Amino acid sequence: TQQIIDQAKAVMRKNDHGTYTVPTHGLYPFQWNWDSALSALGFAHFDEARAWTEIETLFAHQWDDGMVPHIIFHKHDDGYFPGPEVWGTGREVPTSGITQPPVAGFAVRRIFDRARDKELAAAKARTLLPLIHAWHQWFFSNRDPKGTGLVAIIHPWESGRDNSVDWDTAFERVPTDGVQPFTRRDTSHANPAHRPTDEQYKRYIWLVEKFRSLGWDNSKLHDASPFQIVDPGFNAILIRSCSDLAVLAETLGETEIAAQSQAMADKAIEAIETLWSDARGQYLCFDRSVGALVDSPSIGGILAAFAPIPKARAKAVSDRIEVLAASCNFLVPSHDPTAPEFDALRYWRGPIWLIVNYMIADGLECAGQTAMADRINRDCLRLIELGGFAEYYGPINAEPCGGDAFTWTAAMVIEILN
Ligand code: DGY
């Protein structure tokens, strides 16, 4: 065990740039939003100050409207596309113009609760609290303009699950005409058969160009986007972060933030119930542009268990994972292996991601589904023993895929083993 922890630490140190970590060298040479928040959990086990710095650096680049961007381009690197010139957000330190799953609220509470240096933790949490709260409020004002209680993503990259089957139908409505010619860089670092397709990339870039043409004005982007998806996994992360922030705020005597955070979480927990599908035995995405559920059995609807959903629902999600286990050797595949669109090694269309496993297991554990939580965690360890600290893994044969020496995979292993 100690040997694996040491290897994981070495991966994290290798990707550490002092005030932020890169997900992996080559493929992702900048700071990514949810990568950082989850990686901080790993740092906290062996360097608490460094963990706080990771999150502070992220929030030092928060926009005035409250959004926290998904990439911060700290240093020039032309090994990545789309770089700052494509985003054109006009920031002094360039950033992208979209966001990512808001896992920071959860991470900060957890690091605070486990802190050995209580004084440092209180000081850091106190500073971060209003910033994270502003980000949560930004979500509900800008991505839920009609006040439904749930937020939409307007670009697949926001979900983190870039090429999920969940987006296929909606993505057909995103045009590709007029997209500036470009050269992908990801496929020179990773196997193209394990990455999104060129057709998907054209649509990713069409959306970026569309939002850039609107000056990255978040009061306009949601309504202007032909892609508006309410993802149960994404919303579950937001709900969990809001409810965790409520507890943290209460502890720190910030009663107003506590009350507002809890109110946002409560409303969303009620609303997420509308995404439940009895037929699928899991939650589904909702396509806001057409007003219908997306009948796609992917991991977004399982990650919903990360939120404090009713215990009966957590049990149903655990049962659903049991069904998935019958068609793969490792849990939890990012798409149902029996579905026709399942693609065992292609990014989010089948492979296993340790960060998602970690969040699902944590939610199940909180809801008392400990046997399934333990099983998922055991599979995580089997995967790294077989394939090293990869970006993601095949659920049938445990192939390591994507980038290697991956920061958040290492961080999750440290979490699981501690
Ligand atoms: C990528 O470039 O693959 C990222 O997922 C976008 O954030």
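The structure we're discussing is the one just above.
Residues numbered from 1 in each chain as written. Predicted model: local features only at pLDDT ≥ 70, side-chain atom pairs only at ≥ 80, totals over all residues. Heavy atoms only, no water.

**Q** Looking at this model, I keep getting lost on the layout of surface pockets. Mind explaining?
**A** Where empty space is left becomes clear once a probe the size of a water molecule has been rolled over the atoms. Within this model, the largest pocket holds a volume of roughly 240 Å³. Looking at the largest pocket, it is lined by 14 residues, and the ones nearest its centre are Y358, E365, N377, E415 and I416. Of all elements in the fold, only helix 5 (104-114), helix 16 (354-366), helix 17 (370-387) and helix 18 (407-417) reach the threshold of two or more residues within the lining of the largest pocket. Within the lining of the largest pocket, the residues separate by chemical class into four nonpolar, three polar and seven charged. (1 Å grid on protein atoms, 1.4 Å probe; cavity = no way out; pocket = protein on both sides within 12 Å on 5 of 7 lines; lining within 4 Å. Points joined across faces, edges and corners; volume = space filled by probe spheres on them. Helix = DSSP H or I, 4+ residues; strand = E, 2+ residues; numbered from the N terminus. Nonpolar A, V, L, I, M, F, W, Y, C, P; charged D, E, K, R; others polar.)

**Q** It is not clear to me how the packing of helix 2 (residues 33-43) against helix 16 should be interpreted in this structure. Could you clarify?
**A** Where helix 2 meets helix 16, the closest approach of the two axes is 12 Å, and the angle between their N-to-C directions is 65 degrees. The hand of the helix 2/helix 16 crossing is left-handed. On helix 16, the residues that touch W34, L38 and L41 of helix 2 are I355, Y358 and M359. Looking at the contact of helix 2 with helix 16, its residues break down into six nonpolar, no polar and no charged. (Axes fitted to C-alpha atoms, helices over the stretch in contact; angles between N-to-C directions. Left-handed = near helix turned anticlockwise from the far one by under 90°. Contact = heavy atoms within 4.5 Å.)

**Q** Which parts of the structure should I look at to understand the side chain of E158?
**A** Structurally, the position occupied by E158 is in helix 7 (residues 156-159). Given a relative accessible area of 0%, E158 falls into the buried group. Side-chain polar atoms of E158 contact the backbone nitrogen of T99, separated by 2.8 Å. With residues up to four places along the chain from it excluded, the contact list for E158 reads I98, T99, Q100, P101, R143, I153 and F234. (Buried < 20%, exposed > 50% of the residue type's maximum accessible area, 1.4 Å probe, protein only. Polar contact = N/O pair within 3.5 Å; in protein donor to acceptor, adjacent residues only side chain to side chain.)

**Q** Before we go on, may I ask you to explain empty space enclosed by the protein in this structure?
**A** With the rule as written, the count across this model stands at two cavities of 30 Å³ or more. The computed volume of the largest cavity comes to approximately 200 Å³. Taken together, 19 residues form the lining of the largest cavity, with Y28, W32, Q100, D162 and Y347 sitting closest to its centre. Classifying every residue of the lining of the largest cavity by side-chain character gives twelve nonpolar, three polar and four charged.

**Q** Just checking my understanding: could you explain unusual backbone geometry for this structure?
**A** Excluding glycine, a negative phi dihedral is what most residues carry, and trans is how most peptide bonds are arranged. Geometrically, the link from F81 to P82 is a cis peptide bond, its omega value of 0 degrees lying close to zero. Within the secondary structure layout, P82 lies in the loop between strand 2 (71-72) and helix 4 (84-87). With omega at -5 degrees, the peptide bond leading from L331 into V332 counts as cis. If you trace the backbone, V332 turns up in the loop between helix 15 (311-325) and helix 16. Residues other than glycine seldom take positive phi values, yet A398 does so here, at roughly 60 degrees. With respect to the helices, strands and loops of the structure, A398 is situated in the loop between strand 8 (392-393) and strand 9 (400-401). One non-glycine residue, A405, adopts positive backbone phi at about 45 degrees. For A405, the location among the structural elements is in the loop between strand 9 and helix 18. According to the relative accessible area criterion, A405 is buried, its value standing at 17%.

**Q** What is the right way to look at helix 1 (residues 2-14) in this model?
**A** Since the α-helix turns once every 3.6 residues, residues separated by three or four places project in the same direction. An ideal rise of 1.5 Å per residue puts 18 Å on 13 residues; helix 1 measures up with 18 Å between its terminal C-alpha atoms. For helix 1, the complete set of buried residues consists of I4, I5, A8, V11 and M12. With its buried residues spanning 120 degrees around the axis, helix 1 presents them on a single face. For helix 1, the exposed residues lying more than 90 degrees away from the buried face are Q3 and K14. Its buried side turned inward, helix 1 meets helix 2, helix 17 and helix 18. (Expected span 1.5 Å × (residues − 1). Arc of directions from axis to C-beta.)

**Q** What am I meant to see in the packing of aromatic side chains here?
**A** To describe a pair of aromatic rings, you give the distance between the ring centres and the angle between the ring planes. The final tally for this structure, using the stated rule, is 31 aromatic pairs. On the numbers, 5.0 Å between centres and 70 degrees between planes, the contact of W138 with F139 is edge-to-face. Like W138, the residue F139 is buried in the burial classification. With centroids separated by 5.7 Å and ring planes inclined at 70 degrees, the aromatic side chains of F171 and F227 adopt a geometry described as edge-to-face. Of this pair, F171 sits in helix 8 (residues 168-171) while F227 sits in the loop between helix 11 (218-224) and strand 3 (229-230); the two residues are 56 residues apart in sequence, bridging distant segments of the chain. By the burial criterion, F171 is buried, and F227 matches it. (Phe/Tyr/Trp six-rings, centres within 6.5 Å; stacked < 30°, edge-to-face > 60°.)

**Q** Any chance you could explain the sheet that holds strand 7 (residues 292-294) here in plain terms?
**A** Strands in a sheet are paired, the pairing made by backbone hydrogen bonds, and the direction either parallel or antiparallel. With respect to topology, three strands assemble into an open sheet ordered 3-6-7, the strand pairing being antiparallel. At either end of the open sheet lies a strand with only one pairing partner, and these are strand 3 and strand 7. Here strand 3 runs beside strand 6 (residues 285-287); their pairing, made up of two bridges, is antiparallel. What sits directly across from I229, in strand 6, is D287. (Pairing = 2+ DSSP bridges.)

It is worth stressing that arrangement in space is one thing and function is another; only the former is reported here.
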